[in-house]
Amino acid sequence: MNSWKDITPREASDTWNENLARFDDCSPFQTYEWGQYQQSLGWEPHYCVCIDEEKNVKAMALVLVRRFLMKTGFAWVEGGPVGELGAVDHTLPKAIMAAAGLKRLYLRFRSDRKRKTRDTLFLEHERWTRSLYQMGSSFSMELDLTAELEEIDKNFKSSWRRQLKLSQRNPLAVKQVFNPDIAEIHSAYAEMETAKGLPELFSKEKLENLFHHVRRNLIIYRCEDAGGNLLAMKGVLFIGRRAVEYMGVTNDRGRELRASFPLERGILRHCAEKGIVKYDLGGIDPWENPGCHRFKRGTGATELEYLGEWDWASSSWLRLFANWAIQKRQTTKKPKSESPAQNRTKSFARFLFQQIG
């Protein structure tokens, strides 16, 4: 019989990533380091494993918890649970409540495994519910990097190769970064946020915490001009043989010089040489962000649909309330002056539509 248990962070630091990498649906958002990073932002990480009678790990879930009044909690599993989906039954939320000492719980997970009808039917049978309001896209694009490097280049669409060739008219340099300049990256993001009317994506504090905690699982590349000035930057999270594009920014000069094209090619070649097999280019929305979709499609990536976001709540009112708050968050621009640390003392409702995402 399978059972879930919450292991200590010390035990997780020794065994978590090694066990995680064994599963085909492993996600860099489920690594031990990602839990430590989220802890620096105010979350409470719980490293939960499902084991069978012979102590074999069948499934894993990095569960991030926020506590509120009257022993009420919000739990978020990003990119998981991983492993046998059959282990993700009604016992998981009960185990989380017991481990965290909660009486009321809203639990949401986003599974980054390809959607299959049987998996959907299983979750519905176990009384999981497809989330009413999604925090992100369940659609993405994936590249198979098992081919030779020359074959990867041949898979680029003709229009994409043409843009790459045009970028090579300028003396651009693409290189891996081991000690990123946080101020430089923050400035590039601020320029992009102002130009596109976006909320703050990465504060300096968040960038510092990210590079400190997740450095071992993060590949960073930059494209610069002949003077060494930053034109574009991209960060890829990885675990095992899977990588996911997590962050990226291109300034006005970089867009003019088509810096994104040699940058993408450089990081793809690095991942292929590193033994990465599955390369996820991130969520897509052909209507809201057609330019980004065209760029990703031009790499030769294949569109896919993930199992996506599902939730469970200890009461129907809590589930409805949480989804309502998430809907508000989706339609309300987060003030740029607020940081995760400043939101820790806010009420459950305000936290949800200010902070989830």
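Because the structure is predicted, anything quoted here is derived from the model rather than measured.

Draft legend 1. View of the overall build of the chain. Looking only at helices and strands, the chain features 13 helices and 14 strands. A compact globule built from 357 residues would reach a C-alpha radius of gyration of about 21 Å, and the chain, at 21 Å, matches this within 12%. Over its C-alpha atoms, taken along the principal directions, the chain stretches across nearly 60 × 45 × 40 Å. By the burial criterion, 54% of the 357 residues in the chain qualify as buried. By sequence separation, contacts in the chain at least 24 residues apart represent 72% of the contacts at least 6 residues apart. Accessible area for the chain stands at about 17100 Å²; split by element, carbon and sulfur atoms hold 49% of it.

Draft legend 2. Region of interest: a nonpolar patch on the surface. A grouping of Leu 132, Tyr 133 and Leu 320 is seen on the molecular surface, where their side chains present a nonpolar patch of about 280 Å² in accessible area. As for its position among the elements, Tyr 133 is in the loop between β7 (129-130) and β8 (139-144).

Draft legend 3. Up close: the nonpolar core. Ranked by internal contacts, the top residues of the largest apolar core, which has 48 residues, are Trp 16 and Leu 210. When sequence neighbours within four positions are dropped, the list of residues in contact with Trp 16 reads Ile 7, Gln 30, Thr 31, Tyr 32, Tyr 47, Cys 48, Val 49, Met 60, Ala 61 and Leu 62. Judged by nonpolar contacts, the second largest core, of 31 residues, contains Leu 149, Ile 152, Trp 160 and Phe 238.

Draft legend 4. Region of the structure containing the side chain of Asp 311. Among the structural elements, Asp 311 can be located in strand β14 (residues 302-313). Taking relative accessible area as the criterion, Asp 311 reaches 0% and is therefore assigned buried. Polar side-chain contacts of Asp 311 include one of 2.8 Å to the side chain of Tyr 106. There is a polar contact of 2.8 Å between the side chain of Asp 311 and the side chain of Arg 319. Filtering out sequence-adjacent residues up to four positions away, Asp 311 remains in contact with Tyr 106, Leu 107, Arg 108, Trp 128, Thr 129, Ser 131, Arg 319 and Asn 323.

Draft legend 5. View of the confidence of the model for the chain. Per-residue confidence for the chain averages 90 on the pLDDT scale, and 92% of its residues sit at or above 70. Taken together, the stretch residues 333-351 has pLDDT below 50 and engages in 42 contacts with residues farther than four places along the chain or on a different chain. Confidence drops under pLDDT 50 across residues 353-357; counting only partners more than four residues distant or on other chains, this segment forms 18 contacts.

Draft legend 6. View of the packing of aromatic side chains. The full count for this structure, using the stated rule, is 16 aromatic pairs. With a centroid separation of 5.1 Å and an interplanar angle of 80°, the aromatic rings of Phe 29 and Trp 34 are classed as edge-to-face. Classification of Trp 34 by relative accessible area gives buried; the value is 1%. Ring centres of Phe 261 and Phe 295 lie 5.0 Å apart, and the angle between their planes is 65°; on these two criteria the pair is classed as edge-to-face. On the criterion of sequence distance, the pair formed by Phe 261 in helix α10 (residues 260-274) and Phe 295 in helix α11 (residues 290-298) is long-range, its members being 34 residues apart.

Draft legend 7. Examining the pattern of salt bridges more closely. Across all of its chains, the model carries 22 salt bridges by this definition. Note that Glu 84 and Lys 58 form a salt bridge whose closest N and O atoms lie 3.2 Å from each other. Of this pair, Glu 84 sits in the loop between β5 (82-83) and α3 (91-100) while Lys 58 sits in strand β3 (residues 57-68), placing them 26 residues apart in sequence. Accessibility expressed as a relative area gives 37% for Glu 84, which makes it partly exposed. Looking at Lys 58, the relative accessible area reads 22%, which means it is partly exposed.

Definitions and limits used
Residues numbered from 1 in each chain as written. Predicted model: local features only at pLDDT ≥ 70, side-chain atom pairs only at ≥ 80, totals over all residues. Heavy atoms only, no water. Helix = DSSP H or I, 4+ residues; strand = E, 2+ residues; numbered from the N terminus. Rg over C-alpha atoms; globule rule 2.2 N^0.38 Å. Buried < 20%, exposed > 50% of the residue type's maximum accessible area, 1.4 Å probe, protein only. Contact = heavy atoms within 4.5 Å. Areas by Shrake-Rupley, 256 points an atom, 1.4 Å probe, with all protein chains shown as cover. Patch = residues over 30% accessible without salt bridge, like charges linked within 9 Å, V, L, I, M, F, W, Y side chains within 5 Å. Salt bridge = Lys/Arg side-chain N within 4 Å of Asp/Glu carboxyl O. Core = buried A, V, L, I, M, F, W, Y, C linked by side-chain atoms within 4.5 Å. Polar contact = N/O pair within 3.5 Å; in protein donor to acceptor, adjacent residues only side chain to side chain. pLDDT = per-residue confidence, 0-100. Phe/Tyr/Trp six-rings, centres within 6.5 Å; stacked < 30°, edge-to-face > 60°.

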